[in-house]
Every structure is written in structure tokens, then in C-alpha cells.
Amino acid sequence: MLKQVSVSKLMPQNRAYDFIVVGAGSAGCAVAASLADAQAGSIAVIEAGPSDAHPFVKIPFALIWLMGSRRDWQFTSAPQKALGGRQIKIPRGKMLGGSGSINSMVWFRGRADDFDGWQVPGWAWSDVAPAFDAIEALLTPASFDAAHPLVRRLGPLFGANTDTNPTPERESGGVFRFNMRRNRRWSPADAFLRPAQAKGVTVITGKEVARLGFDGKTARDVVFKDGSTIHARRGIVLSAGAIGSPTILLQSGVGPAQDLTAQNIPVIMDAPGVGANLHDHPGAGLHFTGKGTGYGVSLGQAAGWLAAPLQYLLRRKGRLASPTVEGGMFFNATGQGTVPDVQTHFIPFFLNWKGSRYAPGEGYFADICVCRPKSRGQMRLTDDGISIDFNLLSDPADLDLMVAGLKRLRVLLAEAGLPGHEGYPGADCQSDAALRAYIKAHCGTAYHPVGTLRMGTGDAPVTPRLALRGLENLWVADASVMPNITSANTNAPSMMIGHRAGQIIAKDAA
């Protein structure tokens, strides 16, 4: 069992460090490790949530109980105009490891042309590929060895592309890779933060940041909601995620001046780009059911569920070893080209479409997520607090692609010879108009928010060196800096950004 390194929950007033990293999530853990490797000085990592020392964190399937718990920020979006005013859930991890401690652990770098397409100096594929190599040497992501047989049927759909290497680079399918070891979660806290602690990095949990303190345009302090303060001698790195990092800046007086003034927040810097460019992978899926299909609650599977805890404890196998999303596909929605523009997450479990989490039935679920969505939203300060508006499907092209994707998904699943039948939306939902209505009623996201502190040249709020433009001693390193979302799950790119950030900051702050 992995030894837990102790963390501090309390600290004296006005304690000082060379660098303070705000957020111990996927990127923040990598930042801390990279700064420590560079011997950049004394480092403190601040986490609003508790430690990850909870058995559910290590058990892959237990993520279903972590989401919505006290280890989840439990954000909710603003009403989505194109979705009939529906609000959607935004799970974000609130503990050491951040969302990397509650996610499905799916590991994809993205497409090479995702990074070339950012057109940000120093962030082309040739620049970031070595960083992916380095972090994968620590995390050792691998294909899930206990995948359900249904998942393995997706690989042969695309000819020579076997089920061992699905990738957004080409049409492919099968079992995904995951950052697990012996079918236990191997989180960024395990891979990066604990080794960094052994090198002297201080980790402080249970301290939620209220704002940053500035001396003119220079970031000097982190002010907590309990009123205590911690001082940064050389710099502060925001790694609180695409929701948390812009929230802290807005509360600190960095953002659109009109919004800040309306909320009586003194303006440190008018920065219209803070909170803009919010986007995520929109997704909607199909529910299949039938005896002898996927996992579910049924009399025939009662023995399997009863045996699952002991099976996992002794052999790290069985249903509790499943990260829920065991595999999927990348394909071109219309079938008119070979470049994938949608991703399918395949969950070999019965998901009840009628509302309650637990319901009798056996089945599986497969969705369609737009790899490179065009819709953009924003985060703003309002009288009610922070408004998180993805503005999902505001660009009609995203909805068109999802309609085409669901139609081809049905064809592909039929070609795979998967048993059972489509329980929802079912055979009556065939026309484009019916599919559009279904998507609008059920569309959510893949829980990959990005872009709210876009890096780039010109008017981008963050420079290519990850510094807040116009301010001193302040950097950002998390998914918020992505100009455009990558074409698959964003956990791996977030760690890559954190790893490179430590190297960049250690050099630029020297």
C-alpha cells in the first residue's frame, strides 16, 4: 500500500515561501514536482479540499460515489440557452490530486495537430511531445486488462487499428489506456506530489483561497477565506483549474473592469479575457439494455456483485476494478472522411435514463462527444456569485456534428454485433429533428472545461511563458490556458502543461 505523506492543515500567519502553487490538482501536482526538480527554492502547494487518503480514491469504480461528495466542488452551470435553460453539473475534484482523483483516469495526449493548431510559440507538438514522454515515464498509463468483452468488440471495426491503441489521430476503437497501477488509481498526487514532498515541498490542505494580494501590479500574497495570509517571495502559480483559477483572479480584481466595479471589487487590472473562451466537449449518448449485455443490477448478476469486493481485494479484478469508461472509439461523424471529429466513451454498465442512479437492468452506454467544438462561453462575476456559462451548442455546427455522430454510432455498434437493444431514446428517435430535440434535452459535457485564461500572443490574458500579461510574479498552469480544447480527454494535457510550467517558471523567475 502506498505510504501517505503527511500534510499540514494549519499554518502560522504570514509564513513565506519562494513559490506558492494554488491547487493540488493534476497540473498543480506536476508544477510542484517540476519546480522541486529544478531546485527553484522553497515551495508550498495549497489545496482547498482534504487529503486523498480515502479508500474510494484508489478503487476505480468508486468514482461514482466520489462525484457529488465533499471531495467534489459540485459546480453547476448557468442556464444553457440552447438547451432550453437547463443547468448542467460540473464535477471538479476537491482534494489532493484534484479532478485526477475523481475522474475515469482515461489517458490521451490529444492529436499532434491540436497543439500545432494553438499557434502559440513554444507549444507546438514538437515542443510538448518530450514533456508527455517524461510524465508517462512516471505515470506508466496502460490498457485496462480487465475490460468487459463488449468493449473489445469495438477494435475490429476499424480494420488494422486494434483494440490496444485507440487514438484520436485516426479512426480507431477498443480499450482505452488509464493512469492506473495494478488496477488502482495512480493519481497525479501519487506520481508527482508525494515525490516532491520528499524533496521538501510543503503541502497545505483545507485552505480555500479568497483572493490574491498585490503590491501595485506584483502578486505578493495568497489570502485565505479564514483571513490568514501566506507570502510568496518569488511568485504565485495558479493551478486551480479552468473554473478555479479565473474565479480567484476575478475575486482579486483582475478581469473585466465593468463587472468588477459592479461588484465593488477594486480593479487591479482590466483584463477582458479573464473568464472568456470557456468551452468543453459537448456530449450525449445512447442507452442499451438486455439480458446478458453489460453489468447491472439483476438477479443473475447478484453473485457477481456480492463477490466483487473480495475479488478486488485479493486479485485487483472484477467490477470494482472498472474505471466505468473502459473504452470507446474515435471516428468521423459522417463517414465522409478519415479524420475523427467525435469521440465515443463506452461504459459497459446499465445507466438508468429515468433519473435515479440505482435501477434494475443490464446494459451499456455509448456517447458522442465533439472533439473540437466551436461553441464558446464565459465565466463572469454576477450578483449571485460566479456564473459558469458554457454556452453549449450556441454554434449550430456542434449540434449538426452530434446528430451525424449519433447516427453513425448506431451503425457502428450494430456492425460490432453488440447484444441487446436501444432502450433510450429508442427506435422512434430516428429523424434529424427528433435527434436534435433529444440532444438538446440531454446534452451535457465530458467534464473537460478549458480555455478561461487563454495563452497566446496579442490580447491573450496569459503569455506563451504562462505569465499573467500585465502583472508580475504571477503565472497560470492548468487547463484554463488551452486556447482550444484537445481532441480527447484533457487530464494528460493538463499534467503536461504543469510539468512544462515548472521548468519555464524556474527559468524565468531566476
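Details of the structure are given in the entry above.
Residues numbered from 1 in each chain as written. Predicted model: local features only at pLDDT ≥ 70, side-chain atom pairs only at ≥ 80, totals over all residues. Heavy atoms only, no water.

**Comments concerning helix α11 (residues 396-415)**
Selection rule: Here a strand is any run of E in DSSP of at least two residues, a helix any run of H or I of at least four, and the numbering for each starts at the N terminus. To estimate the expected span of a helix, subtract one from its residue number and multiply by 1.5 Å.
Here α11 spans 29 Å end to end across 20 residues, near enough to the 28 Å set by a 1.5 Å rise per residue. With its phi angle positive at about 70°, G417 sits one or two positions after the end of α11.

**Quick look at the packing of helix α1 (residues 26-37) against helix α13 (residues 491-508)**
For clarity, the threshold we go by: Note on geometry: axes are C-alpha line fits, over the in-contact stretch for helices, and angles between N-to-C directions span 0 to 180 degrees. Oblique is the label for any angle not covered by the other classes, which are roughly parallel (under 35 degrees), roughly antiparallel (over 145) and roughly perpendicular (65 to 115). Helix crossings are classified by the rotation of the near helix relative to the far one: an anticlockwise turn of less than a right angle makes the crossing left-handed, while a clockwise turn makes it right-handed. Only heavy atoms enter the contact rule, under which two residues are in contact if any of them lie within 4.5 Å.
Where α1 meets α13, the closest approach of the two axes is 7 Å, and the angle between their N-to-C directions is 30°. Relative to α13, the element α1 is oriented roughly parallel. Seen along the crossing, α1 lies across α13 with a hand that is right-handed. Within the contact between the two elements, α1 uses S26, A27, A30, V31, S34 and L35 and α13 uses N491, S494, M495, G498, H499, A501, G502, Q503, I505 and A506.

**Re the pattern of salt bridges**
Let me state the cut-off plainly: Salt bridges are defined by distance alone: a side-chain nitrogen of Lys or Arg within 4 Å of a carboxyl oxygen of Asp or Glu.
All told, the structure shown has 19 salt bridges when counted by the stated rule. The closest approach of N and O atoms between D226 and K207, which form a salt bridge, is 2.5 Å. Pair noted here: D226 is in the loop between β12 (218-224) and β13 (229-238) and K207 is in the loop between β10 (202-204) and β11 (209-215), with a separation of 19 residues, a long-range link. Between E208 and K225 there is a salt bridge, with its nearest N and O atoms 3.2 Å apart. One end of the pair, E208, is in the loop between β10 and β11; the other, K225, is in the loop between β12 and β13, and 17 residues separate them in sequence.

**Here's the deal with helix α12 (residues 432-442)**
Let me state the cut-off plainly: Think of it in three bands: residues with accessible area under 20% of the maximum for their type are buried, residues over 50% are exposed, and the middle band is partly exposed, with areas taken using a 1.4 Å probe on protein chains only. The arc refers to the directions leading from the helix axis to the C-beta atoms.
For α12, every residue scored as buried is listed here: L435, Y438 and I439. Buried residues of α12 fall within an arc of 100° about the axis and therefore sit on the same side.

**A closer look at the pairing of strand β19 (residues 327-331)**
Where we set the bar: Only when DSSP finds a minimum of two bridges between them are two strands counted as paired.
Most of β19 sits out of view: five of its five residues are buried. By the alternation rule, side chains of β19 split into G327, M329 and F331 and G328 and F330, which are all buried. Summarising the sheet, strand β6 (residues 172-175) and β19 pair through four bridges and their orientation is antiparallel. Across the sheet, G173 pairs through a bridge with M329, a residue of β19. With five bridges connecting them, β19 and strand β20 (residues 342-347) associate as antiparallel partners. Counterpart to G328 in the pairing with β20 is H345.

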